[in-house]
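The primary structure of each chain is shown beneath.
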Amino acid sequence: MRLLTLVTIAIAFVSPAAFGQSTNPASPAPGNPGGVPPGTRQSAPGMPAPRQTNQPDRTFIHAAAVGGLAEVELGRLAAQRATSRRVREFAERMVRDHSAANDRLGTLANTNGIALPDKFDEEHKAMRAKLEQSSDAQFDRAYIEGQIIEHQKTAQLLEYEIGSGENAELKNFASDLLPTVLDHLRMAQTISAEMAHQAATEMPRKEMPRERR
Amino acid sequence: MSKYPKTAAALAVASLIAVAALADPLPPDATYRPLPTQPLDVVKALDEAQKPQVMQRQQALLEQRYDLSNRPIDNAMMSGGRKPVQDGVRVRLATGVTWDSLSAMSPDEIRQRGLLPAGFMPLPHVKQATGGQVFPNQQIDEINRQESRNIRRFDIDFDLPDQFTPEFPPPIFLTTHPELGDVSHGQLLTIKNYYQLMIGIITPVQMEGLRLLLTPFPQEEFNQTEDRKSADQSLGVTCLDCHANFHTNAAFHQTPDVRPQAARFRLDTVSLRGMFNQQIHGSKRSLRSIEDFTQFEQRTAYFNGDHVSAQRKGVNLPDRFDQVPMMAQMQNIIDFPPAPKLDPLGRLDPSKATQQELAGEQVFLGKGQCAQCHMPQTSFLDNNMHDLKLERFYNVGQTVNGLVTLPDGPIKTFTLRGIKDSPPYMHDGRLLTLADTVEFFNLVLGLKLTQEEKDSLVAYMLTL
């Protein structure tokens, strides 16, 4: 209990910018008041008081939590099943990075009094089923292709929150996470390109009909 | 035969998965403009309360990135002779590096050590979340004086210091009357004065085109609905509110071509001088004719590429067979300012140019590789888009004043004719002086130019 309070204080302390009063360009930027929901409490005129959420915040937190959960669970699965070392290492990194992000999101949800989903949604269930059903030969490819799509979607989700969210702590979280997610995306794309290249070189060469003149 | 039901079943499963995979898209406001949730007076009060902080944030960002002091080049004026051209490199270096030590590093090293000067990165809009058109004060005041039309926003002001914008009002040169020189009489063309200024100089068709280019129409921030950023119900904006005298006043906006909002990069208004020689239009859209661009600017500069929002605020769609060609033909007679030192092929006349300018031309054509894209004989254009891949030098995805910095991707090559007249530079106005652009390309193209070569390039560009 004490520890949790300490952590909360520490977080509040290291990110004073999170409360929307800062003129530091790196801190969350003010939103368009045209979209502020009626009844929003304000700490100063034009500044939504901390620890409130608007609709984009709630959409974000829900999708980010489910996505984060899936990253860790599918990452564990891939760390066991993947054949290629690069894919296993990538999967381990996903487990590590997304566990850390999930913890931070959990703390934020807690302090903001939001319940996080703790189960997969249909989309991620389908993805898990697809991975479980793929043969060993198909697995690496299926996992990496799925990861590319997941990270593309997460990047758009984070950008959406940065632009449309109201809760400064959540916006800050999204800003902090985005470079890492884009980095993951680049890694997955590189691995995918390598796999495609390898598959092409290993493919048995078919006799090509000679070009007629 | 019996194989078919199986295939069908497999397909059905596959399509189920496909449907499920699309089950959780982003909400509509990730692409479409949301309707306001509050009455205008509430929004206005909140916006006004936020404004000091919003302006301070942007000021802090500009100060961090640039040396904003007023330091003109001796004896270098813009074409109308009304404003000096600013001198020196204004982008600030990260601590511990010099321009030479920086250009000796590999892109990877610069990225990993975070050494790319922040001023080379995308420049955010003053208020990214709201975006929209922002006019410099001189334009606002002059439009108010001549037309009593209000193009001032209550939520934000123009951000760049006056010395880094084009001279105001800019001169107007016509391809149809080179002998006259500047025909603006030192005035800003508006709906009030265009007729007196142009009668006897332009044709009836051009006159009607000009009238349309000067007629205000509703725009996202300037309109009659509750969703606007002007205090009064606004008549809207005109084409030449940004393209002042067919040049630019550095009014800025956000790209209509990207979503979500946080990823929309800033756009600095381009000059319309020399449109007649340009084959592709728009830094990203690459539209193929001035007619296409003119027609579509009502959808983009005015409404951010959101035709749904436009429908509610009052859309103006100029008639393609009559109005658009007249507007286009008026734009197509706007010439570059005279460049007396250039010959018909766009090369320096050695009998008129200085040694330094000639040396600069050599760098431009040779070691600097500039002429590969900015080709002298075709108005310093290649009518192509190029991806300069700046993201080799920095980690993408950082958020700066609400803008998510992402790779620029392919951008249209801009002309360099009359370039001293159109600061700030690049599609988003991220560079303030010509010396900045030389440092930028020196790094991006890995040129390793000497200081002497850099200085000569700047001197050369002043002659264009």
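Residues numbered from 1 in each chain as written. Chains lettered and ligands numbered in written order. Predicted model: local features only at pLDDT ≥ 70, side-chain atom pairs only at ≥ 80, totals over all residues. Heavy atoms only, no water.

J.: Please provide a residue-by-residue account of the overall build of chain B, values included.
T.: In terms of helices and strands, chain B carries 14 helices and eight strands. Counting only C-alpha atoms and orienting by the principal axes, one finds that chain B spans roughly 85 × 60 × 55 Å. Taken across its 464 residues, chain B has 57% of its residues classed as buried. Sequence separation of at least 24 residues holds for 69% of the intrachain contacts in chain B that already meet a minimum separation of 6. Accessible surface for chain B amounts to roughly 19000 Å². Of this, 56% is attributable to carbon and sulfur atoms. In chain B, 46 side chains carry a positive charge and 53 a negative one; their mean positions are 4 Å apart. (Helix = DSSP H or I, 4+ residues; strand = E, 2+ residues; numbered from the N terminus. Buried < 20%, exposed > 50% of the residue type's maximum accessible area, 1.4 Å probe, protein only. Contact = heavy atoms within 4.5 Å. Areas by Shrake-Rupley, 256 points an atom, 1.4 Å probe, with all protein chains shown as cover. Lys, Arg positive; Asp, Glu negative; His and termini not counted. Charge placed at Lys NZ, Arg CZ, Asp CG, Glu CD.)

J.: Could you give an account of the side chain of Thr165(B), with specific residues and numbers?
T.: All names here are of chain B. Along the chain, the position of Thr165 falls in the loop between helix 5 (137-147) and helix 6 (194-198). In this structure the side chain of Thr165 is engaged in a polar contact, spanning 2.9 Å, whose partner is the backbone oxygen of Asp162. Not counting residues within four places of it along the chain, the set of residues in contact with Thr165 comprises Met78, Lys83, Phe158, Asn249, Ala250 and Pro423. (Polar contact = N/O pair within 3.5 Å; in protein donor to acceptor, adjacent residues only side chain to side chain.)

J.: Residues and numbers for the packing of helix 3 (residues 85-111) of chain A against helix 6 (residues 168-202) of chain A, please.
T.: Close contact between helix 3 of chain A and helix 6 of chain A brings their axes to 11 Å; oriented N to C, the two are set at 170°. In terms of orientation, helix 3 of chain A lies roughly antiparallel with respect to helix 6 of chain A. (Axes fitted to C-alpha atoms, helices over the stretch in contact; angles between N-to-C directions. Parallel < 35°, antiparallel > 145°, perpendicular 65-115°, else oblique.)

J.: An account of the packing of helix 2 (residues 55-81) of chain A against helix 5 (residues 136-164) of chain A is needed here, citing residue identities and associated values.
T.: Residue and element names in this part refer to chain A. For the pair helix 2 and helix 5, the least separation of the axes is 10 Å and the interaxial angle reads 160°. When the axis of helix 2 is compared with that of helix 5, the two are roughly antiparallel. Our pair here, helix 2 against helix 5, has a crossing hand that is left-handed. Along the contact surface, helix 2 presents Pro56, Asp57, Phe60, Ala63, Ala64, Gly67, Glu71, Leu74, Gly75, Leu77, Ala78 and Arg81, while helix 5 presents Asp136, Phe139, Tyr143, Gln147, Glu150, His151, Leu157, Leu158, Tyr160, Glu161 and Ser164. Within the contact of helix 2 with helix 5, the residues separate by chemical class into twelve nonpolar, five polar and six charged. (Left-handed = near helix turned anticlockwise from the far one by under 90°. Nonpolar A, V, L, I, M, F, W, Y, C, P; charged D, E, K, R; others polar.)

J.: Pulling in residues and values, what's your account of the interface of chain B and chain A?
T.: At the junction of the two partners, chain B supplies 40 residues and chain A supplies 41 residues. For the chain B face of the interface with chain A, the top three residues by lost area are Leu46(B), Gln53(B) and Arg57(B), together amounting to 17%. Put simply, chain B and chain A have zero salt bridges between them. Seen at the junction of chain B and chain A, the total is eleven residue pairs in polar contact (both at pLDDT 80 or more). (Buried area = accessible area lost by both parts, 1.4 Å probe. Salt bridge = Lys/Arg side-chain N within 4 Å of Asp/Glu carboxyl O.)

J.: For the confidence of the model for chain B, give the residues involved together with the corresponding values.
T.: When pLDDT is averaged along chain B, the result is 93, and 95% of the positions lie at 70 or above. For residues 1-21 of chain B, every residue scores under 50 in pLDDT, and the model assigns this stretch five contacts once sequence neighbours within four places are set aside. (pLDDT = per-residue confidence, 0-100.)

J.: Give a description of the packing of aromatic side chains that names residues and reports values.
T.: A full pass over the atoms with the stated rule returns twelve aromatic pairs over all chains. Ring centres 6.4 Å apart and planes at 85° place the aromatic pair Tyr194(B) and Tyr195(B) in the edge-to-face group. Here the aromatic cluster, defined as three or more aromatic residues joined through ring pairs, consists of Trp99(B), Phe120(B), Phe440(B) and Phe441(B). Lying across the ring of Phe120(A), Arg128(A) places its NZ or CZ 4.3 Å from the centre. Sitting over the face of the ring of Phe154(B), Lys44(B) holds its NZ or CZ atom 5.9 Å from the ring centroid. (Phe/Tyr/Trp six-rings, centres within 6.5 Å; stacked < 30°, edge-to-face > 60°. Lys NZ or Arg CZ within 6 Å of the ring centre and 35° of its normal.)

J.: For the nonpolar core, give the residues involved together with the corresponding values.
T.: Of all hydrophobic cores here, the largest spans 100 residues; its most connected members are Tyr143(A) and Leu116(B). Considering every element that reaches this core, the biggest residue donor is helix 6 of chain A, with eleven residues. Core analysis: the second largest hydrophobic core is formed by 41 residues, Met198(B), Leu213(B), Val237(B) and Ala310(B) among them. (Core = buried A, V, L, I, M, F, W, Y, C linked by side-chain atoms within 4.5 Å.)

J.: Can you explain unusual backbone geometry? Please cite residues and give values.
T.: One can expect most non-glycine residues to show negative phi and most peptide bonds to be in trans. All names here are of chain B. Residue Pro260 follows Arg259 across a cis peptide bond; omega there is 0°. For the peptide bond that leads from Pro423 to Pro424, omega is -10°, which places it in the cis range. Tracing the backbone through its elements, the reader meets Pro424 in the loop between strand 8 (411-412) and helix 13 (434-444). You will see that His185, though not glycine, has its phi angle at about 55°, which is positive. Within the secondary structure, His185 is located in the loop between helix 5 and helix 6. Of note, Phe380 is a non-glycine position whose phi angle comes to about 60°, a positive value. Relative to the helices and strands, Phe380 resides in the loop between helix 12 (355-365) and strand 5 (385-386).

J.: Report on the pattern of salt bridges, specifying residues and quantitative values.
T.: Residue and element names in this part refer to chain A. Scanning all chains against the criterion turns up 43 salt bridges over all chains. The partner of Arg85 in a salt bridge is Glu89, with the nearest N and O atoms 2.8 Å apart. Taken together, the positions of Arg85 and Glu89, both in helix 3 and four residues apart, correspond to about one turn of that helix. What makes Glu89 partly exposed here is its relative accessible area of 40%. Salt bridges sharing partners connect three or more residues here, namely Arg93, Asp97, Asp183 and Arg186.

J.: Describe in detail the pairing of strand 1 (residues 72-77) of chain B, supporting the description with residues and values.
T.: Residue and element names in this part refer to chain B. Two elements, strand 1 and strand 2 (residues 84-86), share two bridges in a ladder whose sense is antiparallel. Following the sheet pairing, Met77 is matched in strand 2 by Pro84. The antiparallel pairing of strand 1 with strand 2 creates a hairpin that spans six residues between the two strands, and Gly81 there sits at a positive phi of about 75°. (Pairing = 2+ DSSP bridges.)

J.: Before we move on, could you go through the environment of Leu267(B) and cite the residues and values that matter?
T.: Relative to the helices and strands, Leu267(B) resides in strand 4 (residues 266-268). Between the alpha carbons of Leu267(B) and Pro166(B) there is a distance of 15 Å; along the sequence they are 101 residues apart.

J.: Which residues make up the side chain of Thr405(B), and what are the values?
T.: Residue and element names in this part refer to chain B. Relative to the helices and strands, Thr405 is located in the loop between strand 7 (403-404) and strand 8. Judged by its relative accessible area of 0%, Thr405 is buried. Excluding residues within four positions of it along the chain, Thr405 makes contact with Met121, Pro122, Tyr394, Val396, Gly397, Gln398 and Val400.

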